[in-house]
Amino acid sequence: MIDALPPLRDVIAAHDLKARKSLGQNFLLDLNLTSKIARQAGDLSGCDVLEIGPGPGGLTRGLLASGARRVLAIEKDSRCLPALEQIAAAYPGRLHILQGDALDIDPLDHLTPPIRIIANLPYNVGTELLIRWLTPHDWPPFWQSLTLMFQREVAERIVATPGSKAYGRLTLLAQWRCDARIVMSLPPGAFTPPPKVSSAVVHLTALPAPRYPADPDVLSRVVAAAFNQRRKMLRSALKGYGADIEGKLVSAGIKPTDRAEQISLEQFCALARVLKQA
Ligand code: SAM
């Protein structure tokens, strides 16, 4: 046992927390597993943790038992609040709960650095939240690391290498300013109810500075344009950048006949610098 609170199956029964698909609710009920996920984030003792979608609180309990200084948990489903309040009472002053949509709430008013983000994300908003965390204008961001559960397929896009099917916009956004690796794989049966697909936990650490210089907005736009038409040669996919796109690609050390998935992060950054200058 990691704490003296009731087992999660009892919590779910007591508060009638029948999982809702519309909220991406696939709960983790094994507290040894949630503690293991918390440990993937490293030493939490001096850190505030932001958790999105605590649900009945399995991962929340893992985070608190692993020594997080404070956890801010943002949950959309008000049915989960009584279960979360019970956890807050067992860890006085260490769990702060906000009810609402994580896409609408600015968590920064409630957090003190150093901050780590750890979550079993709802599938419907997971990628959008990740992109927001990866694309602030200024770097380093407000968080030190992200330890996030995703569908396996999304996790593979984050850690992909050039030339692979999974390589794309998410790969480049993540790897430009972070180290990213898959640290755990989970079969559908680890969740209640089991989802249709496998899942994986990705750990991303914010680098002190981007790997290569580039303007974030220019890089983000050119990567999006290149992968929007990933089967096309770049000279066609990037036609919108004006007449001399071939010359600009060559200046960046890129063959105009190459396709987006063949281009490394370093080359995309070089292209963003050429485009910015132009
Ligand atoms: N952390 C719990 C666990 O591991 O068992 C639950 C994870 S479940 C995959 C996702 C949770 O996110 C659900 O509790 C769901 O209600 C919540 N959720 C869904 N959309 C949300 C949103 N936009 N903002 C905050 N929470 C959301």
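For the structure, see preceding data.
As the structure is a computational prediction, the values presented were derived from the model and not from experiment.

J.: Please set out the site of the ligand residue by residue, giving values where relevant.
T.: In the vicinity of the ligand there are 21 residues, among which Gln25, Leu28, Gly53, Glu75 and Asn120 approach most closely. Starting from 590 Å² of accessible surface for the ligand in isolation, the protein chains cover 99%. Looking at the shell around the ligand, the elements with two or more residues in it are strand S1 (27-28) and strand S3 (70-75). Residue classes in the shell around the ligand are distributed as nine nonpolar, seven polar and five charged.

J.: I'd like to hear about helix H7 (residues 169-177), residue by residue, with values.
T.: The buried count for H7 comes to seven of nine residues, which makes it a mostly enclosed element. Looking at H7, one finds that the buried residues are Leu170, Thr171, Leu172, Leu173, Ala174, Trp176 and Arg177. In the core, the buried residues of H7 are packed alongside helix H5 (123-134), helix H6 (152-158), strand S7 (178-186), strand S9 (199-206), helix H8 (216-228) and helix H11 (265-277).

J.: Could you give an account of the sheet that holds S9, with specific residues and numbers?
T.: What holds strands together in a sheet is hydrogen bonding between their backbones, with the strands either parallel or antiparallel. The strand order across the open sheet built from seven strands is S4-S3-S2-S5-S6-S9-S7, with neighbouring strands paired in mixed fashion. Of all the strands in the sheet, just strand S4 (95-99) and S7 have a single pairing partner and so form its edges. In this sheet, neighbouring strand axes are inclined to one another by 20° on average, regardless of whether the strands run parallel or antiparallel. Where strand S2 (residues 48-52) meets strand S5 (residues 115-120), three bridges bridge the pair, whose relative direction is parallel. Its bridge partner being in S5, Val49 is matched across the sheet by Arg116. Here H7 sits on the sheet in contact with S7 and S9, set at roughly 120° to S7.

J.: Tell me about the packing of H7 against H8, and please be specific about residues and values.
T.: One way to put it is that H7 packs onto H8 with a least axis distance of 9 Å and a crossing angle of 155°. As the angle between them shows, H7 and H8 are arranged roughly antiparallel. Here H7 runs over H8; the crossing is right-handed. On H8, the residues touching Arg169, Leu172, Leu173, Trp176 and Arg177 of H7 are Pro216, Leu219, Ser220, Val223, Ala224 and Phe227. For the contact of H7 with H8, the class distribution of residues is eight nonpolar, one polar and two charged.

Criteria and cut-off values
- Residues numbered from 1 in each chain as written.
- Predicted model: local features only at pLDDT ≥ 70, side-chain atom pairs only at ≥ 80, totals over all residues.
- Heavy atoms only, no water.
- Near = heavy atom within 4 Å.
- Areas by Shrake-Rupley, 256 points an atom, 1.4 Å probe, with all protein chains shown as cover.
- Helix = DSSP H or I, 4+ residues; strand = E, 2+ residues; numbered from the N terminus.
- Nonpolar A, V, L, I, M, F, W, Y, C, P; charged D, E, K, R; others polar.
- Buried < 20%, exposed > 50% of the residue type's maximum accessible area, 1.4 Å probe, protein only.
- Contact = heavy atoms within 4.5 Å.
- Pairing = 2+ DSSP bridges.
- Axes fitted to C-alpha atoms, helices over the stretch in contact; angles between N-to-C directions.
- Parallel < 35°, antiparallel > 145°, perpendicular 65-115°, else oblique.
- Left-handed = near helix turned anticlockwise from the far one by under 90°.

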